Amino acid sequence: MTRLLTAIILLLCVLSQAQAGSVHIVLSEQNQAYQQAATDIQTALKQQGFNETSHISNLASFSGQSLSADDLIVSIGADATQQLSRAYPKQQHLFSFIDKSALPPHLAPNWGAVLLDQPLQRLVDTSVDILKQRPSNTLVIAVSAGNSTLREDIKHLSLPEPIKLEVLVIDEDTEPAKIVDKALFNAGALIAVRDKHVWAGENAKWMLYQSYKYNVPVIGYSKSFLKAGALVSVYASLTETANATANRILYWHTQQGKPPGERIHYPRYVIEYNKNIARALKITIPEGGQDNVRD
Amino acid sequence: MFATKLKTQLLLITILPLLLTISVVSLFILFDVLDGIETEVVKRGESIASQASVMSEFPLYTGDIDALQDIAELILRTHDLSYIRFIDSTGQLMIHENNASTTDTLREFSFPVYLQAPNLEDFSNLGSDTTQPAALGTIDFGFVDNSAEAQRFEAYTKVLSISMVALALGVIMVYLFSRRISDAIGNLVNTAEKLENKDFAARAEENGAGELLSFQRSFNAMISSLEQNDAELQEKISAATASLNYTVNQLSEKNVALAQQRQETIDLERSKAILEERERIMRDMHDGIGGQLVASLAMLEREQDSEMKQNIHSVLTECLNDLRLIIHSLSMQNSVLGSLLADFKYRTSRKLEQLGIELEWRVDMDADHLAIKPQTGLHLLRILQEAFTNILKHSGADLIRVRAEPMDDIFRIVIEDNGQFQPPAGALEAGHGIRNMRSRAAKLGGNLDIETIGSGGCRLILSFPCTASP
């Protein structure tokens, strides 16, 4: 369906006289990961029939460059997002490969974003089937006190009965593992969120360790979580993120540079289980819940 | 070098590389096995450390001494360690557990325990934590390496046994395979030594194979050729030696002949000198004494006849005849017996006629061919003169018989008379005249016999060796 829409948009783009400007892909750093992301975006654009030239540069070389009012800046990564949104406030922006929490405040109206993180509701929905097999129906989420975006999302979560939600707000000076350790004793599942203070480094290691020790399944947000010991992970692959970014560029191009109506876009995602962890926790993987790409 | 025998050299040439190869391979195998054993020990240590690290990571992180105590006791029992201790990141000892039963040599290990944070981001450069892993502490432990020592001993034994078996088999195979070659070459060497001692009949036994057999055959063919050449050379040497001996003999004979010729030449020169001296004496006697006698006779002829004249004339005539006889004897050259006897008869017969004595003269014809030397003729004439003088002086005979004839290889002259001479016993041997005759007969190489015959006659037999001239 999406491809059909893309083809129609492309047809309209060809038939109409497009007046959009150039596309500038700006990398936060000149490293392999960002370059791979830019290359994937260009490849996706070509595959979808976009024949205009897209310029790739890094943040250092791009700063101070004069742009046409019709040009689109595609920022890859948080740093490029933060700096370019301030440097070119009247320019049209597309932020990609960032977390929702990295979006700059007070943005001008001409912007869109393709996020790496998944909507928190997807992870909660995924945990519902797991909690049915658990003695406890308490869902634990640990979030740092300063992550207002996530905390706001948590407030808007929709939880089916009888699932209970226990939110652990962790201060900057507190070891997350020690806080989580106490909560895991009665937890049915632990949802990992994109919060650097909680799920990073040794904290992540020890929380995964404690979860395994208490036989509490962890719902992760990346494929790497499966290797680290999570039961299931809900994530969008880098290719899908690049495709989603390319789709937004094409949409911008077909709209002749007009601002998009919907600003935040989530790439297509997959739900993947770690069979070994499932076997160790004696959890049956739900039917149709494995590796299927979803919109 | 230090081995002179061919078999020993072959064995050394083949065994030394074999020994070297086996030694190198054995060492490689041994080192590999020892490395494997050491690797096993290290792996065991790493496995224990890995297990202890996993188990103690969280207690080390949280500083849970009780948990570490439990872990230490569990690992100590499970892996039969001698000791184990946990040290935190500040170097402070947290737990130290000992196993008192082990007192042997320990293999000790020390492993750091790191806190390695997992990377939870797929897009790893976005918000990833790139800090180095933090050190939680150190795990030290030790265990007795009895099994490894046993394995090492077993490895030493196995490798040594395999090496010895391989070496023994190699030596046997080398001996078996090289024996044919060494025997063949040994035969060649022995044959060459015999050949050096000139034993060309020696042949190498053709017991080799392939090129060696061809070499033995060629070697024997060369010996045969050498033998043939040696035989031909010996023949040539023998022929040359015979020729040389013949030449030497010829030279010796030539030398003898030459010496003989030289002696003959010397004799001829001496004879010539004697002859010339004799002719000089003869001429002096003829011209001197002969001339004086002839002159005396001529002076006596002018004197008146008297008895004294007759006696002196007779004596002088005798002297002259005697001188002529001497000169004649001196001048005779290659005279024959017949002419000597005929001349004696001519000079004696007139005197016998005057005395009325009959002479029977019978000489064999062979006397005319019998050559005599002048000295021999003189001796013969003196013997004849003395015989006739004795007959005329003492016998009073009127008949004298003379026979000259050859008998076998001697010539015999017999003089007989019919006189009346009765000599006393021993008288025929005592006179100087007869002794002179015997002496002359001896110088002729013959002998002289005198005997009486009839009533007073005598017979004189002169025998001397002679050779008829051609």
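Keep in mind that what you see is a predicted model, and the values were worked out from it rather than measured. (Residues numbered from 1 in each chain as written. Chains lettered and ligands numbered in written order. Predicted model: local features only at pLDDT ≥ 70, side-chain atom pairs only at ≥ 80, totals over all residues. Heavy atoms only, no water.)

*Asks:* Describe the nonpolar core, with residues and values.
*Replies:* Grouped together as the largest cluster of nonpolar side chains are 79 residues, with contacts concentrated most on A:Ile191, A:Trp199, B:Ile84 and B:Phe141. Ranked by the residues each element gives to this core, the list is headed by helix 1 (residues 6–62) of chain B, at nine residues. Judged by nonpolar contacts, the second largest core, of 35 residues, contains B:Ile357, B:Ala397, B:Ile413 and B:Leu444. (Core = buried A, V, L, I, M, F, W, Y, C linked by side-chain atoms within 4.5 Å. Buried < 20%, exposed > 50% of the residue type's maximum accessible area, 1.4 Å probe, protein only. Helix = DSSP H or I, 4+ residues; strand = E, 2+ residues; numbered from the N terminus.)

*Asks:* Please give an account of empty space enclosed by the protein that cites residues and values.
*Replies:* According to the stated counting rule, one finds five cavities of 30 Å³ or more in the structure shown. Approximately 60 Å³ is the volume found for the second largest cavity. Lining the second largest cavity are A:Leu116, A:Arg194, A:Tyr221, A:Tyr235, A:Ala236, A:Leu238, B:Asp122 and B:Phe123. A class-by-class count of the residues in the lining of the second largest cavity yields six nonpolar, no polar and two charged. (1 Å grid on protein atoms, 1.4 Å probe; cavity = no way out; pocket = protein on both sides within 12 Å on 5 of 7 lines; lining within 4 Å. Points joined across faces, edges and corners; volume = space filled by probe spheres on them. Nonpolar A, V, L, I, M, F, W, Y, C, P; charged D, E, K, R; others polar.)

*Asks:* Can you explain unusual backbone geometry? Please cite residues and give values.
*Replies:* Put simply, A:Glu161 and A:Pro162 share a cis peptide bond, and its omega is 0 degrees. With respect to the secondary-structure elements, A:Pro162 resides in the loop between helix 6 (148–155) and strand 7 (164–170). Located in the positive-phi region is B:Asp80, a residue other than glycine, with phi close to 50 degrees. The residue B:Asp80 is located in the loop between helix 2 (65–78) and strand 1 (83–88) in this model. The backbone phi angle of B:Lys198 is positive, close to 65 degrees, even though this residue is not glycine. Residue placement: B:Lys198 occurs in the loop between helix 3 (146–196) and helix 4 (211–301). With relative accessibility at 63%, the residue B:Lys198 sits in the exposed group.

*Asks:* Talk me through the layout of surface pockets; I want residue IDs and the actual numbers.
*Replies:* Over the atoms rolls a probe the size of a water molecule, and its path tells where empty space is left. Residues and elements named next belong to chain B. Quantified by volume, the largest pocket comes out at close to 1100 Å³. Lining the largest pocket we find 30 residues, and of these Glu318, Asn321, Arg347, Thr348 and Lys351 sit closest to its centre. Among the secondary structure elements, those contributing two or more residues to the lining of the largest pocket are helix 5 (307–331), helix 6 (337–355), helix 7 (374–395) and helix 9 (432–443). The residue makeup of the lining of the largest pocket, split by class, is eight nonpolar, 12 polar and 10 charged. Here the lining of the largest pocket spans two domains, since at least three of its residues come from each of domain 2 (210–331) and domain 3 (335–470). (Domains from an automatic or database assignment.)

*Asks:* Before we move on, could you go through the domain arrangement of chain B and cite the residues and values that matter?
*Replies:* How big an interface is tends to be reported as the loss of accessible area on association of its parts. Residue and element names in this part refer to chain B. Along its sequence, chain B is carved into domain 1 (6–115 + 132–173), domain 2 (210–331) and domain 3 (335–470). For domain 2 and domain 3, the distance between their C-alpha centres works out to 33 Å. In this assembly, seven residues from domain 2 lie in contact with eight residues from domain 3. Across the domain 2/domain 3 interface, buried area totals approximately 780 Å², and carbon plus sulfur atoms make up 55% of it. On inspection of domain 2 and its partner domain 3, the count reaches zero salt bridges. The tally of links from domain 2 across to domain 3 stands at zero residue pairs in polar contact (both at pLDDT 80 or more). The dominant element in the side of domain 2 that touches domain 3, judged by the number of residues it contributes, is helix 5, at six residues. Looking at side-chain class alone, the side of domain 2 that touches domain 3 contains two nonpolar, two polar and three charged residues. (Contact = heavy atoms within 4.5 Å. Buried area = accessible area lost by both parts, 1.4 Å probe. Salt bridge = Lys/Arg side-chain N within 4 Å of Asp/Glu carboxyl O. Polar contact = N/O pair within 3.5 Å; in protein donor to acceptor, adjacent residues only side chain to side chain.)

*Asks:* Please set out a nonpolar patch on the surface residue by residue, giving values where relevant.
*Replies:* Residue and element names in this part refer to chain B. Judged by side-chain polarity, Val165, Leu169, Ile172, Met173, Tyr175, Leu176 and Phe177 come together as a nonpolar surface patch covering roughly 720 Å² of accessible area. Tracing the backbone through its elements, the reader meets Ile172 in helix 3. You can call Ile172 partly exposed: its relative accessible area is 47%. (Patch = residues over 30% accessible without salt bridge, like charges linked within 9 Å, V, L, I, M, F, W, Y side chains within 5 Å. Areas by Shrake-Rupley, 256 points an atom, 1.4 Å probe, with all protein chains shown as cover.)

*Asks:* Tell me about the interface of chain B and chain A, and name the residues and values.
*Replies:* Between chain B and chain A, the residue contacts involve 17 residues of the former and 27 residues of the latter. Together chain B and chain A conceal approximately 2000 Å² of surface at their shared face, both sides included; 63% is due to carbon and sulfur atoms. A salt bridge links A:Lys205 to B:Glu57; the nearest nitrogen and oxygen atoms lie 3.2 Å apart. Where chain B packs against chain A, one counts one residue pair in polar contact (both at pLDDT 80 or more). The leading source of residues in the side of chain B that touches chain A is helix 1 of chain B, at three residues. Considered class by class, the residues forming the side of chain B that touches chain A number nine nonpolar, four polar and four charged.

*Asks:* Give a detailed account of the pattern of salt bridges, specifying residues and quantitative values.
*Replies:* Residue and element names in this part refer to chain B. Applying the stated criterion across every chain yields a total of 22 salt bridges over all chains. Residue Glu416 pairs with Arg403 through a salt bridge whose shortest N-O separation is 3.9 Å. In this pair, Glu416 sits in strand 9 (residues 410–417) while Arg403 sits in strand 8 (residues 399–407), placing the two residues 13 residues apart along the sequence. Between Arg412 and Glu405 there is a salt bridge, and its shortest N-O distance comes to 3.4 Å. Because the salt bridges share partners, they merge into one network encompassing Arg403, Glu416, Glu451 and Arg459.

*Asks:* Give me the sheet that holds strand 8 of chain B: which residues, what numbers.
*Replies:* All names here are of chain B. Pairing in this open sheet of five strands is mixed, and the strands run 6-8-9-11-10 from one edge to the other. Each edge of the open sheet carries a strand with a single partner, namely strand 6 (358–363) and strand 10 (447–453). Shown here is a sheet whose adjacent strand axes are inclined to one another by a mean of 10 degrees, direction ignored. In the sheet, strand 10 pairs with strand 11 (residues 457–465) via seven bridges, with the strands oriented antiparallel. Within strand 11, the residue paired with Ile450 across the bridge is Leu460. Where helix 6 meets the sheet, its contacts fall on strand 6, strand 8, strand 9 and strand 11, and the angle it forms with strand 6 comes to roughly 175 degrees. Lying over the sheet, helix 7 contacts strand 6, strand 8, strand 9 and strand 11, oriented at roughly 15 degrees with respect to strand 9. (Pairing = 2+ DSSP bridges. Axes fitted to C-alpha atoms, helices over the stretch in contact; angles between N-to-C directions.)

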